[in-house]
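Each chain, written out:
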Amino acid sequence: MVMDSHAQALVDLDAISGNVAALRELVAPSAVMAVVKAGGYGHGAVPAARAAIRGGAGWLGVVHVAEALELRAAGIDSPLLCLMAIGSDAHSAAIEAGVDLTAGSVDMVRRLAAAAADAGRPARVHLKADTGLSRGGATAADWPSVVDAGLAAQAAGRLNVVGLWSHFASADEPGSPSVAQQLAAFGEALAIAEKAGVTPEVRHIANTAGALLVPEARYDLVRIGGGIYGLSTLPGGPPPWLRPAMTLRARLAMVKRVPAGTGVSYGHRYVTTAQTTLGLLPVGYADGVPRAAAGLPLLFARGRRWPIAGTVCMDQLVIDFGDEPVAVGDEVVLFGPGDGGEPTAQEWADTLGTISYEIVTGIGSRVPRSYP
Ligand SMILES: *Cc1c(COP(=O)(O)O)cnc(C)c1O
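The structure displayed is predicted, hence computed values, not measured ones. (Residues numbered from 1 in each chain as written. Predicted model: local features only at pLDDT ≥ 70, side-chain atom pairs only at ≥ 80, totals over all residues. Heavy atoms only, no water.)

We now examine the nonpolar core. Membership of the largest hydrophobic core comes to 115 residues, with the highest contact counts inside it found for I16, L71, L127, I228, F335 and W348. Among the elements that take part in this core, helix α6 (residues 106-119) stands out by supplying seven residues, more than any other. Taken domain by domain, the makeup of this core includes at least three residues from each of domain 1 (13-229) and domain 2 (246-370). Ignoring anything within four residues of it in the chain, the contact list for L127 reads A103, V109, W143, V146, V147, V161, G163, L164 and W165. Residues V258, V264, L278 and A309 belong to the second largest nonpolar core, which totals five residues. (Core = buried A, V, L, I, M, F, W, Y, C linked by side-chain atoms within 4.5 Å. Buried < 20%, exposed > 50% of the residue type's maximum accessible area, 1.4 Å probe, protein only. Helix = DSSP H or I, 4+ residues; strand = E, 2+ residues; numbered from the N terminus. Domains from an automatic or database assignment. Contact = heavy atoms within 4.5 Å.)

With that out of the way, let us pick up the packing of aromatic side chains. Per the stated rule, a full pass over the model turns up four aromatic pairs. Considering the side-chain rings of F186 and Y219, the 5.1 Å spacing of their centres and the 90° angle between planes classify their relative orientation as edge-to-face. Of this pair, F186 sits in helix α8 (residues 177-196) while Y219 sits in the loop between α9 (208-213) and β9 (221-224); the two residues are 33 residues apart in sequence, bridging distant segments of the chain. Look at F186 and you get buried, because its relative accessible area is 1%. Residue Y219 is classed as partly exposed on the basis of its relative accessible area of 25%. The interplanar angle of 65° and the centroid separation of 4.8 Å between the aromatic rings of W306 and F321 together place this pair among those described as edge-to-face. In this pair, W306 is assigned in strand β16 (residues 304-306) and F321 in the loop between β17 (317-320) and β18 (331-335), connecting sequence segments 15 residues apart. (Phe/Tyr/Trp six-rings, centres within 6.5 Å; stacked < 30°, edge-to-face > 60°.)

All we've got here are geometric facts, nothing functional implied.
Written out as structure tokens, the structure is:
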């Protein structure tokens, strides 16, 4: 066990492989795209991608071209899609590296066609329809012209339209009428494109929540981010057969006895009520422990929960251990899969009014990820 840094994010790659395998079985015959954007949701993009491929992911997804090129540089040659279209991205480098790109506007289709001319080979393009999220993608009004532009560039040998796709607004809200509305809009967008002559390899709309809850949304491919890490945005968290892959822990850097009435940490927002033992944990908000966690019983040590005593600082926080016989070097778990009674990232999220994705992607870059 490597314990040489101030904190460790331990990533269980077998959990990632196992989650992908279980999801793949659930959605078969649809394929699984493992979304490893944002450094694999904080778990490490390259190790997460390799673990997902081992579990049977046929595709990978990232947001930016730079993220895609990092995977290619690591020797990963799976089908790989950039989910966002940004005009300034290095599209010709992506095309040369065999990375699929997205277009949701006529302008972006033309940019990709020009980048393909620079790259000297056709781009593989997924046309994106906005079916109701109102984020990226072409509106219903613009869709026919985006399809026509894609087909014109395809006829000119600049690109191949290999995918048609969209994204849900509320797939994690069971019963939301927007899901059926978006599915209907996606069906119309597909019909328009296919009638115009597009023959897509893959049609895709579902994220983790959509893949889990909306079988008719699975089409040819589901884009799973949170689920591969054992996380979800569903109320109540992920199904129990998905295993959270990340454990965040640190060791006490200092322990001291203080008298009753001692003010603790910035602003003295916590004051001891009796003689007690304070432990210093060398993680703070720069490491991803939200400042809003002050006072909350989200730390796990010696088989039980302990509250954060006072303000979470940039690099450290304090725990009031009472008369517990703690020592320098004792391990404190912030979150993990929950087996031993430690909180999960889902519990942190529920307590702080956010989603587990924000907790894991917020783990600071100075916390080393290790793969025991
Ligand atoms: C991030 C992302 C996903 C993955 O969403 P999860 O809820 O993590 O499964 C899928 N599709 C798009 C377009 C995304 O940006």
